[in-house]
Every structure is written in C-alpha cells, then in structure tokens.
Protein chains: 2
Amino acid sequence: MDRGGAITMSRALLARPAEMAARIVRRIEELAAITERDGEVTRVVFSPEHRRAADLILTWMREAGMAARMDEIGNVVGRYEGEAPSAPALLVGSHYDTVRNAGKWDGPLGVITAIEAVAALSAAGVRLPHAVEVVGFSDEEGVRFSSTLLGSRALAGTFDEGALEAKDADGITLREAMIAFGLDPDRIRRAARRREDVLAYLELHIEQGPVLEKEDLPVGVVTAISGANRFRVELDGMAGHAGTVPMGLRQDALAGASECVLAVEALAQAGIGVVGTVGQIAATPGAANVIPGRAVISIDLRAADDGQRRETVSDVVDAIDEIAARRGLKARIIKTHENGTALCAPWLRAQIGAALTAAGHRVLELPSGAGHDGMAMIDLADMAMIFVRCRGGVSHHPAEHVTIEDVAAGAEVLLGTITGFQPR
Amino acid sequence: MDRGGAITMSRALLARPAEMAARIVRRIEELAAITERDGEVTRVVFSPEHRRAADLILTWMREAGMAARMDEIGNVVGRYEGEAPSAPALLVGSHYDTVRNAGKWDGPLGVITAIEAVAALSAAGVRLPHAVEVVGFSDEEGVRFSSTLLGSRALAGTFDEGALEAKDADGITLREAMIAFGLDPDRIRRAARRREDVLAYLELHIEQGPVLEKEDLPVGVVTAISGANRFRVELDGMAGHAGTVPMGLRQDALAGASECVLAVEALAQAGIGVVGTVGQIAATPGAANVIPGRAVISIDLRAADDGQRRETVSDVVDAIDEIAARRGLKARIIKTHENGTALCAPWLRAQIGAALTAAGHRVLELPSGAGHDGMAMIDLADMAMIFVRCRGGVSHHPAEHVTIEDVAAGAEVLLGTITGFQPR
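Residues numbered from 1 in each chain as written. Chains lettered and ligands numbered in written order. Predicted model: local features only at pLDDT ≥ 70, side-chain atom pairs only at ≥ 80, totals over all residues. Heavy atoms only, no water.

### Structural notes on the overall build of chain A
Per the secondary structure count, chain A includes 12 helices and 16 strands. Across its three principal axes, chain A shows a C-alpha extent of roughly 85 × 50 × 40 Å. Contacts in chain A between residues far apart in sequence, at least 24 positions, make up 78% of those at least 6 positions apart. (Helix = DSSP H or I, 4+ residues; strand = E, 2+ residues; numbered from the N terminus. Contact = heavy atoms within 4.5 Å.)

### What to know about the layout of surface pockets
Each pocket or cavity is described by its volume, and for the largest pocket that value is around 1100 Å³. In terms of lining residues, the largest pocket is bounded by 35 residues, among which T148(A), R230(A), R302(A), G371(A) and N289(B) are the most central. Of the residues in the lining of the largest pocket, the class split is 12 nonpolar, 16 polar and seven charged. Of the pockets and cavities examined, the second largest pocket occupies roughly 550 Å³. In terms of lining residues, the second largest pocket is bounded by 25 residues, among which T148(B), R230(B), R302(B), A370(B) and G371(B) are the most central. Secondary structure elements with two or more residues in the lining of the second largest pocket: β7 (227-236), β12 (294-303) and β13 (330-339) of chain B. (1 Å grid on protein atoms, 1.4 Å probe; cavity = no way out; pocket = protein on both sides within 12 Å on 5 of 7 lines; lining within 4 Å. Points joined across faces, edges and corners; volume = space filled by probe spheres on them. Nonpolar A, V, L, I, M, F, W, Y, C, P; charged D, E, K, R; others polar.)

### Thoughts on the domain arrangement of chain A
Residue and element names in this part refer to chain A. Domain boundaries assigned for chain A yield domain 1 (3-225 + 342-419) and domain 2 (227-339). Placing the centre of domain 1 and that of domain 2 at their C-alpha centroids yields a distance of 38 Å. Taken together, the seven residues of domain 1 in the interface contact four residues of domain 2. Overall, the association of domain 1 and domain 2 removes approximately 350 Å² of surface from exposure, summing both partners, and the carbon and sulfur fraction of that is 54%. (Domains from an automatic or database assignment. Buried area = accessible area lost by both parts, 1.4 Å probe.)

### Some points on the interface of chain A and chain B
With 48 residues of chain A at the contact, the number on the chain B side is 48 residues. In total, chain A and chain B occlude about 3900 Å² of area from one another, counting both sides; carbon and sulfur atoms represent 64% of this. The largest per-residue losses of area from chain A upon contact with chain B belong to T244(A), M247(A) and A288(A), which jointly make up 15% of the total buried on that side. There are two salt bridges connecting chain A and chain B. Residue R327(A) pairs with E265(B) through a salt bridge whose shortest N-O separation is 2.7 Å. (Salt bridge = Lys/Arg side-chain N within 4 Å of Asp/Glu carboxyl O.)

### Focus: the relation of the copies chain A and chain B
The transformation that overlays chain A on chain B combines an axial shift of 0.0 Å with a rotation of 180 degrees, and the residual RMSD is 0.1 Å. One copy is carried onto the other by what is essentially a two-fold rotation axis. Identified as the residue of chain A closest to the rotation axis by C-alpha distance is S258(A), at 2.2 Å. (Least-squares fit on C-alpha atoms with pLDDT ≥ 70 in both.)

### Details of the pairing of strand β3 (residues 89-95) of chain B
Residue and element names in this part refer to chain B. Burial within β3 is extensive, with seven of its seven residues counted as buried. Going residue by residue along β3, you find A89, L91, G93 and H95 tucked away on one face and L90, V92 and S94 tucked away on the opposite face as well. By the bridge criterion, seven bridges tie β3 to strand β4 (residues 131-137) in an arrangement that is parallel. Along β4, the bridge assignment pairs V92 with V134. Tracing the backbone out of β3, into helix α4 (residues 108-123) and back to the parallel element β4 gives a crossover that is right-handed. (Buried < 20%, exposed > 50% of the residue type's maximum accessible area, 1.4 Å probe, protein only. Pairing = 2+ DSSP bridges. Right-handed = clockwise from strand over helix to strand, strands pointing away.)

### As for the packing of aromatic side chains
Residues and elements named next belong to chain B. What the rule picks out here adds up to six aromatic pairs over all chains. The ring of F181 carries the charged tip of R51 above its face, separated from the ring centre by 4.1 Å. Taking NZ or CZ as reference, R127 lies 4.2 Å from the ring centre of Y80, over its face. (Phe/Tyr/Trp six-rings, centres within 6.5 Å; stacked < 30°, edge-to-face > 60°. Lys NZ or Arg CZ within 6 Å of the ring centre and 35° of its normal.)

### Some words on helix α6 (residues 174-181) of chain B
Residue and element names in this part refer to chain B. For α6, the set of buried residues is L174, A177, M178 and F181. The buried residues of α6 occupy one face: seen down the axis, they fall within an arc of 100 degrees. Within α6, the exposed residues directed more than 90 degrees away from the buried face are I179 and A180. On its buried face, α6 is in contact with α3 (48-63), β1 (67-70) and α5 (150-156). (Arc of directions from axis to C-beta.)

### A word on the pattern of salt bridges
Counted according to the given criterion, the structure contains 64 salt bridges over all chains. Linking E133(B) and R193(B) is a salt bridge whose minimum nitrogen-to-oxygen distance equals 2.7 Å. Residue E133(B) is found in strand β4, and its partner R193(B) is found in the loop between α6 and β5 (198-206); the two are separated by 60 residues along the sequence. Residue E133(B) is classed as buried on the basis of its relative accessible area of 2%. A relative accessible area of 17% places R193(B) in the buried class. Residues joined in a network through salt bridges with shared partners are R232(A), E234(A), D236(A), R294(A) and R332(A).

### Here's the deal with the pairing of β7(B)
Residues and elements named next belong to chain B. Among the 10 residues in β7, seven count as buried, and that is most of the element. Where β7 lies against β12, 10 bridges are found, and the strand directions are antiparallel. Across the sheet, residue D236 finds its bridge partner in β12, namely R294. The sheet contact formed by β7 and β13 spans nine bridges and is antiparallel. Note on β13: the bridge partner recorded for D236 is K330.

### What about helix α9 (residues 306-327) of chain B?
All names here are of chain B. An ideal rise of 1.5 Å per residue puts 32 Å on 22 residues; α9 measures up with 31 Å between its terminal C-alpha atoms. The set of residues buried in α9 consists of Q308, R309, T312, V313, V316, A319, I320, I323, A324 and R327. One side of α9 carries all its buried residues, which in axial view fall inside an arc of 135 degrees. Exposed side chains of α9 directed beyond 90 degrees from the buried face belong to R310 and A325. Sitting at the head of α9, D305 places a side-chain oxygen 3.2 Å from the backbone nitrogen of G307. Following α9 by one or two positions, G328 adopts a phi angle in the positive range, close to 70 degrees. (Expected span 1.5 Å × (residues − 1). Polar contact = N/O pair within 3.5 Å; in protein donor to acceptor, adjacent residues only side chain to side chain.)

The structure is reproduced here in structure tokens:
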C-alpha cells in the first residue's frame with residue numbers, strides 16, 4: 001500500500017473520532033484513579049499502583065488485539081503483528097508513571113492513544129506490512145529513585161546497572177524494590193530490544209508548554225528533544241551596611257546576580273530555539289539593611305540544536321565574567337548537568353507532517369524543552385514525537401488538561417502516521 | 001575666651017594625645033569584657049551587663065571630675081560644671097548598649113572619648129563658660145525590645161509609653177525588665193531634659209562605612225542622619241516549565257525583580273547623597289527547572305536630604321511600575337518604614353570643622369546612612385556628629401576596628417570642639 005492509500009485508510013478507520021476520543025478520555029480517568037493518594041495522581045515505579053496500572057493497560061492491549069506482557073523492567077508491551085509474523089516493529093508509546101500530584105495526561109495520553117490506534121486497526125481487520133508494538137514505560141519521571149528513563153533505557157539496552165543501588169526516600173534500593181515487585185534485577189538486560197527488530201520509535205505526548213495554544217493548533221511535530229545545561233553560579237562581593245556604604249564603593253553581589261539573570265534572558269532570546277531560566281536565587285546575609293556579600297543563582301539553558309546551545313552557554317559564561325570583573329565580584333560557575341540534543345529523525349517528521357496535512361492541520365514544528373523517553377530510545381532506533389496541545393501549557397500539576405477535540409486530533413494524526421508508516 | 005583661644009587651649013590640654021588614646025583603647029577593652037556571652041560582645045538594655053557597664057562608666061565619670069548618676073531610663077549622665085554653677089550644658093555622648101556579637105567601638109568610643117575630654121579639662125583645672133554633660137545612652141540599638149533610641153527619646157522627652165509593653169524574646173515586657181533592673185517605669189518622664197538647660201548635643205561615633213578610609217582621613221563631619229524608606233515589593237508573573245515555555249511567552253517574575261534591583265541601584269546612583277539597597281530576594285517556586293512565578297524583594301533607600309529621598313522613592317516606584325507593565329507582571333509595593341532626615345546643625349558643623357582644621361585635618365562632610373541617638377536628640381536641641389574612621393567600614397561585627405592613631409585624632413577634634421564651643 002502506498003502512503004496515500006494508507007492515509008485514506010486511516011480516515012476510514014477513524015469514522016468516529018469523537019467516540020474514540022471519548023474512550024481515550026475515559027481511560028485517562030480510569031488510570032488517574034490508580035494513585036498512591038486519593039485526591040491526587042501519584043504513581044511511582046514498583047509500587048502497588050504500578051502493578052494495578054500495568055494490569056489495566058495490559059487488559060486494554062489484549063482487548064485491542066495485541067499480545068501483551070510486562071517486560072523485565074516493568075514496561076508493558078503489546079504487539080500487533082503485521083502481514084507477516086515476526087516482522088520488525090514500529091514502536092509507539094509513552095510512560096505510565098507520574099510525578100507526585102501530577103496531571104492525568106503526561107505519559108498516559110501517549111500510551112492510551114497508541115492502544116486506541118491499534119484497536120482501530122484491529123477492529124477493521126487491517127494488518128500493516130510491519131508489526132506495531134505499543135510500549136508503556138515504567139519509569140520516565142524518575143520520582144522514586146531520582147534516575148529518569150529507567151524503562152526506556154532498559155528497552156534500548158543502555159540501562160546502567162549502578163542505578164540498582166539507588167535508594168528511595170525510605171532507603172529501599174531499586175534492586176530491592178524490583179524484587180518486592182516480582183521482577184529479577186539480574187534479568188534487566190533481557191528487556192533490551194535488538195536494533196533489527198525495531199523500525200522506529202514514535203511517541204505522542206502533551207506539549208507541556210504554550211506554543212500550540214498560542215499558534216491555535218491541536219497538534220505539532222517535534223523537531224528534537226532539547227539538549228540542556230545546568231549551572232550554579234556563585235558571586236562573591238562585599239557585604240556592608242545599607243546606609244553607610246556609598247553607591248560607588250559597593251561590591252553588591254545581588255546587583256551583579258541581577259545582571260546575570262537579565263543576561264541569561266537576553267542571550268537565550270537572541271539564540272535560535274534557546275530557552276534560558278534562572279529559577280533559583282539566594283542573597284546572603286539576606287537582611288533588608290545589609291548589602292548582599294554573596295549571591296547564588298541557578299541557570300538552565302536548553303536548545304534544540306547542540307551547536308546553538310554551546311554557543312549560548314559560552315556567551316552566558318562570557319557575560320557573567322564581564323559582569324563580575326566590572327563590579328569587582330568573584331564569580332564561580334559550576335556545571336551541574338549536561339545532556340545533548342536528541343534529534344527527531346527528519347524522515348519520521350516528514351511522515352508525521354503528511355498525516356497532519358491529511359488531517360487538515362497546518363504543520364508546525366517545535367522543539368521539546370522537556371525530556372522524554374525518546375532521549376533513551378534514540379540509542380535503539382530513529383525516533384519522532386507528536387505533541388498535543390495542553391491548556392495554558394500547564395503540566396506536572398493537577399490543572400493539566402487536554403480538550404476532547406484535541407485528543408481526537410492527536411489520535412487521528414497518530415493513527416495516520418502508523419498506517420502511513422514507511423520504514424526508512 | 002574667643003574660639004581661637006579655646007582651640008589653642010585644647011592643644012595644650014592634649015599635650016599627650018597618644019597617652020589619652022591609649023587610655024581610651026584600654027577602656028574600650030574593659031567595657032567590651034562586660035558581655036552576656038564570653039568570646040563576643042553582647043550587652044542589651046536592663047541586663048546584668050547593663051548594670052555592670054553603667055557602674056564602670058559612672059566610676060570613670062567621677063574620676064574625670066564629674067557628678068555622675070544613672071537617670072530614670074538607665075542612661076548614665078556625668079556633669080562637669082562650667083564657670084558658673086547650673087549653667088546650661090553642652091551634651092556630649094553616645095550609647096553603651098550593643099547589638100548581638102557586636103564590635104567594641106560602636107557607641108562606647110563616643111562615651112569614653114567624651115569622658116576623656118572632660119578628664120583633660122578637669123586635669124588642667126579648666127572651667128568653660130558652659131557646663132559639659134557626658135551621656136551614655138542605655139538603648140540605642142534596640143536589640144532586646146525591638147524599639148530603638150529608648151535612652152535618647154526619654155532624655156529628649158519623646159519617650160512613647162506604649163513601648164513599655166514591648167516584650168523581649170523571653171516574653172518579659174520592658175516595664176517588667178525596668179522594675180527588675182531597679183527603675184520605676186512611671187518615672188521615665190523625669191529623665192526628660194528642659195530645652196533651656198541644653199545648648200546642643202554632640203556625638204562622636206565610628207563611621208560604620210568606608211568613606212573616610214577611602215578619603216584617607218581619620219575624622220569627618222556629619223551633615224545629617226539620613227532619612228530612610230523601606231519597601232517590600234512583590235511581583236507576580238506566571239510559573240512554567242523552564243524547557244517548554246519559549247522566551248517570548250514568559251512572565252518571569254525573577255527577571256522582572258532583577259530589573260528592579262538594577263533600577264534601585266541606578267536611581268540611587270543618579271540621586272545626590274542617596275544609597276539604595278536590595279538586601280533580600282526570594283523567587284518561588286524556587287526550582288532550577290521552573291520559571292519563577294513570584295519574586296519578592298526588599299528595598300532600602302536613604303538620603304541626607306528628604307526632598308531628594310522622596311524624589312528617588314518616586315522614581316523607583318515609577319520604574320517598578322514600568323518594568324511590571326512591560327513584562328506583564330503584577331507589582332505590589334508595600335512601604336514598611338519611613339523616617340525623615342535629622343539635619344546636623346550648620347552652626348555646630350562649622351565649629352567641628354574649625355576644630356578639624358586646627359588639628360591639621362582636611363574637613364570632609366559626609367552623611368550618616370546609619371541611625372544614631374541624634375535622631376531623637378534633635379527634638380531637644382540642635383545636634384551634630386563627628387565620625388571616626390573604622391577599618392574597612394566594617395561595623396556590627398567582631399572585626400570592627402579603629403586604630404589608636406584615629407582614636408587620638410577623634411579625641412583631639414572632640415576636645416577642640418568642646419573647648420571652642422560657642423552657643424548659638
């Protein structure tokens with residue numbers, strides 16, 4: 001089947017998108033009810049809620065015509081065979097763990113929509129030339145053990161065994177938690193998939209930002225999961241009496257830090273696809289009548305392009321050095337984190353774009369400033385992401401929301417991409 | 001005696017300024033040893049240390065030829081009669097309470113130097129046309145009851161009876177503490193002096209700032225005790241994910257606050273004799289990967305001229321409003337404190353200047369950004385202040401220091417001013 005034919009077919013399958021969306025939303029609510037604490041959504045890896053959620057998703061997968069199982073790291077995997085058995089698979093998924101007091105959509109929307117897409121294929125009796133596997137990753141947020149992407153790293157074959165000794169807040173190690181959950185930590189590497197069995201990884205996720213809302217679009221194509229740097233900047237000047245030290249004799253660390261905050265903002269703005277944030281600031285001694293002798297800020301810089309990010313980082317460091325030198329402050333810049341950009345494969349983006357166009361939407365490409373399982377999956381296969389608009393860009397918060405119309409639009413684009421999928 | 005004659009006399013009296021300075025420094029150490037906690041200098045009002053310090057100072061006063069007593073608010077007052085008994089007096093003094101973990105010089109230097117000046121007169125058998133009274137105020141810092149200038153307000157007749165109900169950290173009221181100390185709260189108003197008995201108030205104090213050091217001068221003349229305003233500024237924007245919200249869609253409260261910090265600095269710099277300080281800052285939620293939705297800063301603005309201060313305050317408020325409007329932030333500006341300028345009387349400044357010139361120093365006039373007892377004494381009489389250089393401008397800290405040479409210079413200028421004093 002050529003792509004045009006496949007897209008035509010996906011529309012036929014989705015004769016009742018509103019009904020599909022209604023089912024997706026119902027399942028979002030069902031999954032949200034599985035939580036550590038009533039009144040909020042909290043579901044961390046290897047907890048009783050993890051087990052209950054996994055069982056529910058596995059049931060949905062089987063109802064959608066998939067062979068479903070939990071893998072060695074607690075991921076749930078459902079396989080819908082292609083025209084020939086044991087064909088390489090297009091992997092489609094997201095995660096089903098949450099942050100504490102989370103929204104209902106971050107993760108589950110991608111898993112549930114993928115299951116619905118397969119259910120549509122299955123209901124229509126359609127087999128594609130390739131298999132489709134739906135994956136629900138067990139631990140993307142990393143809330144319990146402070147180590148993100150456990151599920152996708154295991155599946156991609158890059159699981160770090162050292163993580164097994166990480167402890168949760170109660171002092172329980174990941175190893176102990178897995179055993180208590182009924183999994184064998186020594187078998188994690190069996191969760192790893194072979195490259196030849198995987199054609200690509202595709203993920204639908206809420207945007208967690210305001211761009212689609214601003215652009216009045218329900219769905220967008222992700223260009224890349226941005227690389228990121230984090231820094232801690234310490235500025236040391238001279239504390240003094242707020243009343244007695246003339247302006248010209250001051251070495252005010254907070255005034256210097258304020259210039260740094262504005263430099264981060266201006267340089268991020270000047271870069272292409274860069275965001276820069278100072279989220280933390282402290283001035284000491286911290287009395288209203290004392291000139292701050294020390295100020296400390298955090299800096300978070302992200303860009304879809306690694307070269308651009310490195311350029312902005314370098315500009316920010318230069319700016320801080322210049323500010324400190326001009327003000328007689330001592331600056332210390334400590335890098336606390338760095339990860340490179342995970343590029344969404346252009347050939348996959350083009351196929352998502354075709355599905356978007358077929359569904360009648362303008363194609364908007366945007367970077368993902370937040371991290372996703374694709375950062376791990378890229379080590380296994382080319383990957384791409386579809387973003388769905390979320391209200392006000394709000395995420396990691398109970399107010400996180402997606403309209404049922406946007407759920408339908410996302411489902412249509414995901415199904416269109418799956419049915420129109422052409423391996424590279 | 002004309003002024004020239006008096007100054008000549010003061011030099012003769014101070015034939016051995018180094019010896020006088022050595023005695024002052026010795027007494028500074030003796031007084032510093034009277035402390036609530038070993039290893040630091042802490043002496044608060046109506047404490048056992050207050051009693052011991054008062055007794056020591058009263059002894060020194062008597063040794064210097066003065067009739068000495070503790071008044072109804074715990075001030076120590078020594079009187080050296082003039083040529084005629086019961087003549088109106090020039091009051092000279094400072095305070096002998098301290099902040100917690102204080103330096104040794106802030107307050108005591110002025111009291112001890114004044115006693116030494118009178119001792120020099122007394123030793124030489126000199127009587128002036130006016131009486132000289134040395135006052136050691138009991139509570140300038142206001143550490144124990146959070147109400148400053150208790151001693152000088154009582155003497156100036158402006159003591160607020162409501163302050164008697166103020167409680168210390170142990171829940172003891174000022175009233176109870178006075179009674180336990182052996183004073184009668186109902187007799188405080190007897191500490192008030194009559195205007196006709198007081199010719200002027202003169203105080204020598206360490207600068208607590210870096211101006212004299214910068215100007216390479218041991219002593220300076222204070223123009224005024226600066227008026228001050230304090231504000232709390234709350235800025236509300238929109239929190240968001242540091243990775244997902246593009247720069248153009250942000251309402252970053254901390255970026256706005258940073259502009260406010262720099263506006264305070266720039267507008268203070270632009271004003272004449274103005275200092276402006278942001279000593280406190282907080283950004284919430286305060287995570288490295290979250291755009292701050294809220295930021296709060298303190299603002300402290302002081303100026304020797306009330307009109308200039310009001311102008312700068314108005315400019316700062318306008319700047320904050322402009323910054324908030326441009327950035328889509330909500331700004332709330334809360335005034336938390338205001339006090340007007342206490343001007344040092346020009347006729348007294350001229351007499352201090354003459355003593356400085358006679359002692360061979362260049363006359364530098366500078367404002368006091370810190371508060372002093374003169375703020376209360378100005379309600380009773382014209383007042384003026386002499387500043388003595390302190391190392392690095394450091395005060396309210398154990399590292400507070402004055403060289404013995406500067407102690408000698410200060411003593412010479414104070415004695416010169418006292419002996420050359422001409423009532424208005």
